[in-house]
Amino acid sequence: MSKKARALNTLIQFKTVLMDEKNALIKNDSAKVKALVEQKQTFLDRLPTLTTDGLKKEDLIGVVEEIKNLQQTNLVLTQQVISYQEMMMKAISTGVKKGSSTYSKRGDYSAAQQANLIDQSL
């Protein structure tokens, strides 16, 4: 395979990995996201070594633009997932901190201590 065909093929493969990552982020499939991030790392090692000699700028612009857009989309999706997780942890830890009021063994009304299932130091 020629160098220019290899360069274009590598970019197209990278774009495919980014599209798979986008779908995995949307589906909240963390195992698949982890595997795809590892795949992306191998591309990050290969991309600087690609030579585009002989390729026309028009051949590259479309693929590179799609890669750029997918990277931005995946970044936004990742930030959204992190924000959602933080919101859930805050809601859970706030709910756990609140004690419920009940009657004590002596018959008076007081706030009960709850057993905490979640580490509140998060």
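Note: the structure precedes this text.
Presented here is an overview of the structure given in this document. Numbers given to residues run from 1 along each chain, matching the order in which its sequence is written. Restriction of local features to residues with pLDDT of at least 70 applies here, the model being predicted, together with a cutoff of 80 or more for giving and counting side-chain atom pairs; totals for whole chains, interfaces and linings are based on all residues. Hydrogens and waters are ignored; side-chain quantities use all the structure's heavy atoms.

## A few points about the overall build of the chain
Where we set the bar: Numbered from the N terminus, helices here are DSSP runs of H or I no shorter than four residues, and strands are runs of E no shorter than two. Whether two residues touch is decided by their heavy atoms; if any such pair falls within 4.5 Å, the residues are in contact. Here the Shrake-Rupley method, with its probe set to 1.4 Å, supplies the accessible areas, and only the displayed protein chains count as covering residues.
Secondary structure assignment for the chain yields 3 helices and 2 strands. Counted from the first residue to the last, the chain has its helices and strands arranged as α-α-α-β-β. The contacts in the chain between residues at least 6 apart in sequence include a share of 61% that link residues at least 24 apart. Here the chain displays about 9300 Å² of accessible surface, and carbon together with sulfur accounts for 55% of that area.

## Structural notes on unusual backbone geometry
Phi at Asn28 takes a positive value of approximately 60°, unusual for a residue other than glycine. Mapped onto the fold, Asn28 is located in the loop between α1 (3-26) and α2 (30-46).

## Examining the nonpolar core
For clarity, the threshold we go by: Only buried residues count toward a nonpolar core, which is a set of Ala, Val, Leu, Ile, Met, Phe, Trp, Tyr and Cys residues joined through side-chain atoms within 4.5 Å. Per-residue accessibility, obtained with a 1.4 Å probe over protein chains only, is compared with the maximum for each type, and a residue is labelled buried under 20%, exposed over 50%, and partly exposed between these values.
Counting residues in each nonpolar core, the largest one holds 16 residues, and the members touching the most others are Leu11, Phe14, Leu18 and Ile67. By residue number, the principal contributor to this core is α1, which donates 7 residues. In contact with Phe14, other than residues within four places in its own chain, are Lys40, Phe43, Leu47 and Ile67.

## Focus on the pattern of salt bridges
Put simply, the rule is: By definition here, a salt bridge exists when the distance from a side-chain nitrogen of Lys or Arg to a carboxyl oxygen of Asp or Glu is within 4 Å.
In total, this model carries 3 salt bridges according to the counting rule given. Of the charged contacts in the structure, one is a salt bridge between Lys40 and Glu21, with a shortest N-O distance of 3.1 Å. Highlighted residues: Lys40 in helix α2 and Glu21 in helix α1, separated in sequence by 19 residues. Each of the two residues, Lys40 as well as Glu21, counts as buried. In this structure, Lys34 and Glu38 form a salt bridge, with 3.8 Å as the shortest nitrogen-oxygen distance. Placement of the pair is Lys34 and Glu38 together in helix α2, with a separation of 4 residues, close to one helical turn. Residue class for Lys34 comes out exposed when judged on its relative accessible area of 55%.

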